[in-house]
Amino acid sequence: MLQEPERTCICCRSKKSKHNLLRLVIDKDRLVFDKEQKNNGRGYYICKQSSCIKSCFEEKGKNTIRLKKFIKSLKIKIEITTGQLRELEELLIEEVAD
Ligand SMILES: [Zn+2]
């Protein structure tokens, strides 16, 4: 039986099929939202759920934002400011709003 490939959410680690996830991609030294899921860069996925997106961008104690932690764990040089994180969060939230 043919199954849709599953991807793991970078935030909550649950496995879902691609259409239940939003794709982020590393474009040069930036992490950007890949709305059409067509960018050739290395992709990362996050749940198409505002609760998961929010928890991923939420500041918890010692300025820890899960997404930032995740970026660090990649050991790839990615520049992301707090402003850019907020923009990215807004884009993702907008996407799940409708
Ligand atoms: Zn998730």
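Our structure is the block above this text.
Small disclaimer: the values here were computed from a predicted structure and weren't measured. (Residues numbered from 1 in each chain as written. Predicted model: local features only at pLDDT ≥ 70, side-chain atom pairs only at ≥ 80, totals over all residues.)

### Some remarks on the overall build of the protein
Tallying secondary structure elements over the protein gives three helices and seven strands in all. Relative to the 2.2 N^0.38 estimate, which gives 13 Å for 98 residues, the radius of gyration of the protein is 13 Å and therefore close to what a compact globule would have. Projected onto the principal axes, the alpha-carbon positions of the protein cover approximately 45 × 30 × 25 Å. Burial status across the protein gives 19% buried among its 98 residues. Across the protein, contacts joining residues at least 24 apart in sequence account for 51% of those joining residues at least 6 apart. (Helix = DSSP H or I, 4+ residues; strand = E, 2+ residues; numbered from the N terminus. Rg over C-alpha atoms; globule rule 2.2 N^0.38 Å. Buried ≥ 20, exposed ≤ 12 C-beta atoms within 10 Å, placed from the backbone. Contact = placed C-beta atoms within 7 Å.)

### Considering the sheet that holds strand β3 (residues 21-27)
What the three strands build is an open sheet, ordered β4-β3-β5; its pairing is antiparallel. Both edges of this open sheet fall to β4 (30-33) and β5 (43-47), since each of them pairs with a single strand only. When the angles between neighbouring strand axes are averaged without regard to direction, this sheet yields 30°. Here β3 pairs with β4 via four bridges, running antiparallel. Across the sheet, the residue bridging to Ile-26 is Leu-31, located in β4. (Pairing = 2+ DSSP bridges. Axes fitted to C-alpha atoms, helices over the stretch in contact; angles between N-to-C directions.)

### Describing the packing of helix α1 (residues 50-57) against helix α3 (residues 82-97)
At their nearest, the axes of α1 and α3 sit 10 Å apart, and the two run at 175° to each other. Classified by the angle between their axes, α1 and α3 sit roughly antiparallel to one another. Listed contacts from α3 to Ser-50, Ile-53 and Phe-57 of α1 are Leu-85, Glu-89, Leu-92, Ile-93 and Val-96. Its residues assigned to classes, the contact of α1 with α3 shows six nonpolar, one polar and one charged. (Parallel < 35°, antiparallel > 145°, perpendicular 65-115°, else oblique. Nonpolar A, V, L, I, M, F, W, Y, C, P; charged D, E, K, R; others polar.)

### Focus on α1
Restricting attention to buried positions, one finds in α1 the residues Cys-52, Ile-53, Cys-56 and Phe-57. Projection of α1 onto a plane perpendicular to its axis shows the buried side chains occupying an angular sector of 125°, all on one side. In this structure, the buried residues of α1 make contact with β5, β7 (64-65), α2 (66-73) and α3. (Arc of directions from axis to C-beta.)

### Points about unusual backbone geometry
Unlike most non-glycine residues, Lys-28 shows phi in positive territory, near 60°. Examined against the element boundaries, Lys-28 turns out to sit in the loop between β3 and β4. Note on Lys-28: 8 C-beta atoms within 10 Å, which makes it exposed. Phi at Gln-37 is positive, roughly 55°, even though this residue is not glycine. The topology assignment puts Gln-37 in the loop between β4 and β5. The class for Gln-37 is partly exposed, based on 13 C-beta atoms found within 10 Å.

These figures come from the coordinates and say nothing about function on their own.
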